[in-house]
Amino acid sequence: MNTKTYLTATVTGLAVLSIQALASPIGFTLPQQNQDSNLVIAQNSEEQTRIRVNQAASPSVVYINTGKSSGSGFIVSRDGLILTNAHVLEDASSTVTVVLADGRRLPADIIGFAKNSLDLAAIKICNQNSNLNILKHTPI
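Residues numbered from 1 in each chain as written. Predicted model: local features only at pLDDT ≥ 70, side-chain atom pairs only at ≥ 80, totals over all residues. Heavy atoms only, no water.

## Details of the sheet that holds strand 3 (residues 81-84)
Move 1: Around the barrel, 6 strands lie side by side as 1-2-3-6-5-4; this closed barrel has antiparallel pairing. Averaged over all pairs of adjacent strands, the angle between their axes in this sheet comes to 40 degrees, without regard to strand direction.
Move 2: Where strand 1 (residues 61-65) and strand 4 (residues 95-99) come together, 3 bridges link them in antiparallel fashion. From the neighbouring strand, Y63 faces strand 4, where its bridge partner is V99. (Pairing = 2+ DSSP bridges. Helix = DSSP H or I, 4+ residues; strand = E, 2+ residues; numbered from the N terminus. Axes fitted to C-alpha atoms, helices over the stretch in contact; angles between N-to-C directions.)

## Details of the pattern of salt bridges
Move 1: Scanning the model with the defined rule gives 2 salt bridges in all.
Move 2: Where R50 meets E46, a salt bridge forms, and the shortest distance between an N and an O atom there is 2.3 Å. Placement of the pair is R50 and E46 together in helix 2 (residues 45-57), with a separation of 4 residues, close to one helical turn.
Move 3: Residue class for E46 comes out partly exposed when judged on its relative accessible area of 48%. (Salt bridge = Lys/Arg side-chain N within 4 Å of Asp/Glu carboxyl O. Buried < 20%, exposed > 50% of the residue type's maximum accessible area, 1.4 Å probe, protein only.)

## A few points about helix 2
Move 1: With 13 residues, helix 2 extends 18 Å from end C-alpha to end C-alpha; this agrees with the ideal 18 Å at 1.5 Å per step.
Move 2: Looking only at helix 2, the buried set comprises E47, I51, V53, N54 and A57. Projected down its long axis, helix 2 shows its buried positions confined to an angular sector of 160 degrees, all on one face. (Expected span 1.5 Å × (residues − 1). Arc of directions from axis to C-beta.)

## Remarks on the pairing of strand 6 (residues 121-125)
Move 1: The buried count for strand 6 comes to 4 of 5 residues, which makes it a mostly enclosed element.
Move 2: Bridging between strand 5 (residues 105-113) and strand 6 involves 5 bridges; their strand directions are antiparallel. The residue of strand 6 that forms the bridge with G112 is A122.

Right, dumping it as structure tokens:
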């Protein structure tokens, strides 16, 4: 995966995480599968775009637990590469626990940190070859 793809994935993932963080305080919830009673009617095209981004990217968002701290990240490749913020992994051992959107808990190894004080890090799910929902660049 080249630098442009990582940058696109990073920006898209951060947008998704921001949308999820903002969703609760402003009082709307995104519909869950098989819960038609919770259907949300978007008020404008900007809100519709946010909902589409969230629905497309949410399956690739993961919860990361280091034992000392926790945070989120997103899967960027089928072999289990995950991008997250470096501060999430501060003081972590070399292996952390990742919880996927479907609830599976998997070990992941810390593989690197960005240079120049960029708050970005990469981890990789152990022994993973496929069947992961990855963050995709999708036209909205």
